[in-house]
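If you want the building blocks of each chain, they are given just below.
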Amino acid sequence: MEEKEIAGTLPVIDYDEALDRFGGNSALYKRLASKFTEDPHFADMEEALARNDAEEAYRAAHALKGVSGNLSFSELYSIAASMSALLRDGDKEAATVLLPSAKQAYVRVLDALVDLESLSL
């Protein structure tokens, strides 16, 4: 499946998966998810790619994959996982091509987090 197809089929946040992962503790999930706005990994990845630092970009992409996976940010997780694998394998150019999709997914997560407090999970 192409990256655009994947991004179009995944939820921004998979709340059911998140609640399952957090044992139904929605307050804990909301508290941890809201801290994502302070997470530096996306910016670090973006800056490392701009500097042509594939090693640092890999570390940041790998960390972003972990954080977004743990918080059930499905779309961002999928793209970060792809970028991490590409960077691990030394294909910085292909990873850089995914950066606009990653940025869109990242912004969608930030937008969804604004509404998180008002949701009854």
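The rules behind each value
- Residues numbered from 1 in each chain as written.
- Predicted model: local features only at pLDDT ≥ 70, side-chain atom pairs only at ≥ 80, totals over all residues.
- Heavy atoms only, no water.
- Core = buried A, V, L, I, M, F, W, Y, C linked by side-chain atoms within 4.5 Å.
- Buried < 20%, exposed > 50% of the residue type's maximum accessible area, 1.4 Å probe, protein only.
- Helix = DSSP H or I, 4+ residues; strand = E, 2+ residues; numbered from the N terminus.
- Contact = heavy atoms within 4.5 Å.
- Arc of directions from axis to C-beta.
- Salt bridge = Lys/Arg side-chain N within 4 Å of Asp/Glu carboxyl O.

Caption draft 1: A look at the nonpolar core. One finds Tyr29, Phe36, Met45, Phe73, Leu76, Met83 and Leu113 to be the most contacted residues of the largest nonpolar core, which totals 31 residues. Contributing elements (two or more residues each) for this core: α3 (26–34), α4 (41–50), α5 (54–70), α6 (74–88) and α8 (99–116). For this core, the element with the most residues is α8, which contributes 8 residues. Not counting residues up to four positions away in its chain, the partners in contact with Met83 are Met45, Leu49, Ala61, Ala95, Leu98, Leu99 and Ala102.

Caption draft 2: Inspection of α4 at higher detail. Here α4 has its buried residues at Phe42, Met45, Ala48 and Leu49. Viewed end-on, α4 has its buried residues packed into an arc of 135 degrees, placing them on one side of the element. With its phi angle positive at about 70 degrees, Asn52 sits one or two positions after the end of α4.

Caption draft 3: The pattern of salt bridges, seen in detail. Counting across every chain of the model gives 7 salt bridges. Across the pair Lys103 and Glu46 runs a salt bridge, and its minimum N-O distance is 3.1 Å. Placement of Lys103 in helix α8 and of Glu46 in helix α4 is noted, with a sequence separation of 57 residues between them. For Lys103, a relative accessible area of 39% translates into the label partly exposed. Put simply, Arg108 and Glu75 hold a salt bridge, and the shortest N to O gap is 2.4 Å. Of this pair, Arg108 sits in helix α8 while Glu75 sits in helix α6, and the two are 33 residues apart along the sequence.

Keep in mind these numbers describe shape, not what the thing actually does.
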